[in-house]
Amino acid sequence: MKIKLIILSVVVVLLLLSYKWTSEPSETVGLVVIGAGASGMSAALEAEAAGVKVILLEKMPYVGGNTVRATAGMNAVSTDAQSEAGIVDDVGTFVSDILESGHSEGNPRMIEIMANESAFALDWLTEKGADLSDVGILAGHSIPRTHRPSGGQPVGGEIVSVLKGAIQSSTVDLRLEHKAVQILVDQNHEISGVGVVDKTGRKYTINAKKVIIATGGFGGSPEVFVYYNQKLKGYHTTNSPSATGDFIGLVENLGVQLVDMSYIQTHPTVSLEYGVLITEAIRGNGGILINSSGKRFANEMKNRDYLSEDLLSQPDKEVYLLFNEKVRESLAASDDYIDMDLILSAPDVETLANALRIDTQNLSETLDRYNGFVESQVDLDFGRRSLTVILDEGPFYAVRVTPAVHYCMGGILIDEQARVIDENGKPITGLYASGEATGGIHGLNRLGGNSLLDAIVFGRIAGRSAGE
Ligand SMILES: Cc1cc2nc3c(=O)[nH]c(=O)nc-3n(C[C@H](O)[C@H](O)[C@H](O)COP(=O)(O)OP(=O)(O)OC[C@H]3O[C@@H](n4cnc5c(N)ncnc54)[C@H](O)[C@@H]3O)c2cc1C
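Residues numbered from 1 in each chain as written. Predicted model: local features only at pLDDT ≥ 70, side-chain atom pairs only at ≥ 80, totals over all residues. Heavy atoms only, no water.

(A) Quick peek at the sheet that holds strand 3 (residues 54-58). Pairing within the open sheet is mixed, and its 6 strands lie in the order 7-3-2-11-21-20. For this open sheet the edge positions go to strand 7 (173-176) and strand 20 (419-421), each flanked by a neighbour on one side alone. Between one strand axis and the next, the sheet turns through 30 degrees on average, direction left out of account. The sheet contact formed by strand 20 and strand 21 (residues 427-433) spans 2 bridges and is antiparallel. Counted as the bridge partner of Ile421 is Pro427 from strand 21. (Pairing = 2+ DSSP bridges. Helix = DSSP H or I, 4+ residues; strand = E, 2+ residues; numbered from the N terminus. Axes fitted to C-alpha atoms, helices over the stretch in contact; angles between N-to-C directions.)

(B) The layout of surface pockets, seen in detail. The calculated volume of the second largest pocket comes to roughly 450 Å³. Lining the second largest pocket are 19 residues, and of these Asn229, Ile264, Thr266, Asp305 and Glu309 lie nearest its centre. Those elements that provide at least two residues to the lining of the second largest pocket are strand 13 (264-271) and helix 10 (304-312). Looking at the lining of the second largest pocket element by element, the count peaks at 6 residues for helix 10. Of the residues assigned to the lining of the second largest pocket, the class counts are 8 nonpolar, 7 polar and 4 charged. Mapping the lining of the second largest pocket onto the domain boundaries places at least three of its residues in each of domain 1 (28-263 + 409-467) and domain 2 (268-404). (1 Å grid on protein atoms, 1.4 Å probe; cavity = no way out; pocket = protein on both sides within 12 Å on 5 of 7 lines; lining within 4 Å. Points joined across faces, edges and corners; volume = space filled by probe spheres on them. Nonpolar A, V, L, I, M, F, W, Y, C, P; charged D, E, K, R; others polar. Domains from an automatic or database assignment.)

(C) Molecular detail of the site of the ligand. Surveying the vicinity of the ligand reveals 40 residues, the closest of which are Glu58, Thr67, Glu436, Ser451 and Leu452. Here a nitrogen atom of the ligand sits 2.8 Å away from a polar atom, N or O, in the main chain of Gly73. Within the backbone of Leu452, an N or O atom sits 2.8 Å from an oxygen atom of the ligand. Here the ligand, which alone exposes 1000 Å², has 98% of that area covered by the protein. Elements with a minimum of two residues in the shell around the ligand: helix 2 (38-49), strand 3, strand 8 (178-185), strand 18 (396-408) and helix 15 (450-467). If one sorts the elements of the shell around the ligand by residue count, helix 15 sits on top with 4 residues. Partitioning the shell around the ligand into residue classes produces 13 nonpolar, 20 polar and 7 charged. (Near = heavy atom within 4 Å. Polar contact = N/O pair within 3.5 Å; in protein donor to acceptor, adjacent residues only side chain to side chain. Areas by Shrake-Rupley, 256 points an atom, 1.4 Å probe, with all protein chains shown as cover.)

(D) Focus on helix 6 (residues 155-168). With 14 residues, helix 6 should reach 20 Å at 1.5 Å per residue; the first-to-last C-alpha distance of 20 Å fits that figure. Along helix 6, the residues that are buried comprise Val155, Gly156, Ile159, Val160, Val162, Leu163, Ala166 and Ile167. Mapping the buried residues of helix 6 onto a view down its axis gives an arc of 165 degrees, with all of them on the same face. (Expected span 1.5 Å × (residues − 1). Buried < 20%, exposed > 50% of the residue type's maximum accessible area, 1.4 Å probe, protein only. Arc of directions from axis to C-beta.)

(E) Quick look at the side chain of Asp198. Tracing the backbone through its elements, the reader meets Asp198 in strand 9 (residues 191-198). A polar side-chain atom of Asp198 sits 2.6 Å from a polar atom in the side chain of Thr200. Once residues lying within four places of it in the same chain are set aside, the contact partners of Asp198 are Glu177, His178 and Tyr204. (Contact = heavy atoms within 4.5 Å.)

(F) The environment of Ser96, seen in detail. For Ser96, the location among the structural elements is in helix 4 (residues 91-101). Exposure remark for Ser96: the relative accessible area of 39% places this residue in the partly exposed category. In this structure, the C-alpha to C-alpha distance between Ser96 and Glu46, residues 50 residues apart in sequence, is 29 Å.

What follows is the structure, given as C-alpha cells:
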C-alpha cells in the first residue's frame, strides 16, 4: 500500500512537471537571430528582405553590443570616398595586409570574401542612411581605407542607429531583454528552435528550423578570456558587459567546432584610469607614443599585438599617447575624450613636459627628431610609414595608456555561406553564425577596422543563406 502511494506521488509530480513544460508558451517563426549587434541586425534585415519571418533576440535593454563602442571606422576598398580623396587601393593589397596582420594564420578564402564584399557592405549601409565618407588609416594598413562619419565622428553609433532604424521600419520582431538560453534540436538532431528567458524570468520556446548566432565575443568576461588564455590574467577590457561568450554555452551540445579560442587581441591604447579605449585613429591621424623618459619606443602604426608587447616592456607598462591641435581638428572623436576630461592639454611643450613629469629637453628632442622624419618622410628610428602631421604647434594633448583585452579572433567555425561547421567538418543544417561569435577568419591578430566589416559582411551572408 505504502509503495503504491509513493509510485502514485511520483507519477503526479512527473505529470505536473510535464504539464509545466508543455504549458510554457511556444510560437513558430522562420528564423531566430540571437544578438542585435552589427552582425545580428544585418543578418535579420537580409533574411527579412528575402521574405522570412524573423525574431531578433537581444538580452540587453538596448541594441548595439560592442558595435556601439567602435570609434575608428570600418574598412572598405575601392569606395567613392577613397576615389574622392585620390586614394588608390585594391582588394589584393587589402588581402595581403590582412594576412600579414594575422601572421598568415587567417583563412585566405574568407578574407577574400570580406575584402571583395567590403565596398558593397559600405554602400548597403550608406543606402540605409549611414555617413561613412571620411577615410583614414589605422595601424597595420598600407593604404588609408578605414571609413567613418565626416569630421572623424565615432563609427559605431552611426552604424547602430542606422541599422536600428532599419529594423524598426521592417517586419523584424526585435525583442529586447529576451535572452537565448538554449538552441533546441528535435529527435532527428535537427535545429528546432530556441529556448528564451525574458526580463521577468518567463521561459518560452520559439520553434524555428533556422537559427543565426550573432552573440558577439567573450572579451567582456575575464573568467572566460582567462580560461582560454591564461596570459591575460589581470587584464582589463575595452568590451561591453554584454560580451560574455554566450555562444559557447549555446552550442555546447551541438557538436560545433570552436577554433582559435586562445587568440585574443589586446588593444595598445586604453586609458585604465577611465576604462576607455583611445581610438587608433588618433595615431592614424598623426599621434605618437612616448614613454616616461619622453622617448618614442616603437613604430606607432605597428600591428596591435606587436605594439602591445613593446608597450608592456616600458617602465610601469604605461606610456603617453601625444598629439596636437592639428590632429584633434582632423578627428571629431578626439573631442569626446577631451569632453570626458580624459586628456591633459597644454599650450606648449614645456608645460606639457612639466605636467607629465617628463624631462623637457628629452621631450623637445623627441618631437624635433620626429618632426624631421615627417618632413623627410623617413622614420630612421622605427620605420613608421604614415608620417602626416608635424607636431610643432600647440595646444598639445596627452593621455596615459596601456593595453587591455579587446577582440576575440576565436569562435564558431563557419563556411563561406556562414553555415556552422560541426566537428566532422560538415555544415549543420539550419544553423548559421556571424560576427565576433565566429572564429578562424583573421588569424593571430585582427587588423583594425575589420571587425565591423566582418560583422556586416558575414551577417548579411548569414541572413541571405537563412533566407534561401
Ligand atoms: C571599444 C571598442 C572599439 C572598437 N572599435 C572598432 C572599430 O573602430 N572598428 C572595427 O571594425 N571594430 C571595432 N571594434 C570591434 C567591433 O566593435 C566588434 O567586434 C563588432 O562590433 C562585433 O559585432 P557583433 O555584432 O558580432 O557583436 P556585438 O556588437 O557585441 O553584438 C552582440 C549582441 O548579442 C547580444 N547577446 C549576447 N548573448 C546573447 C544571448 N544569449 N541572447 C540574446 N542576445 C545576446 C549582446 O547583448 C549584443 O548586443 C571595437 C570594439 C570595442 C569594444
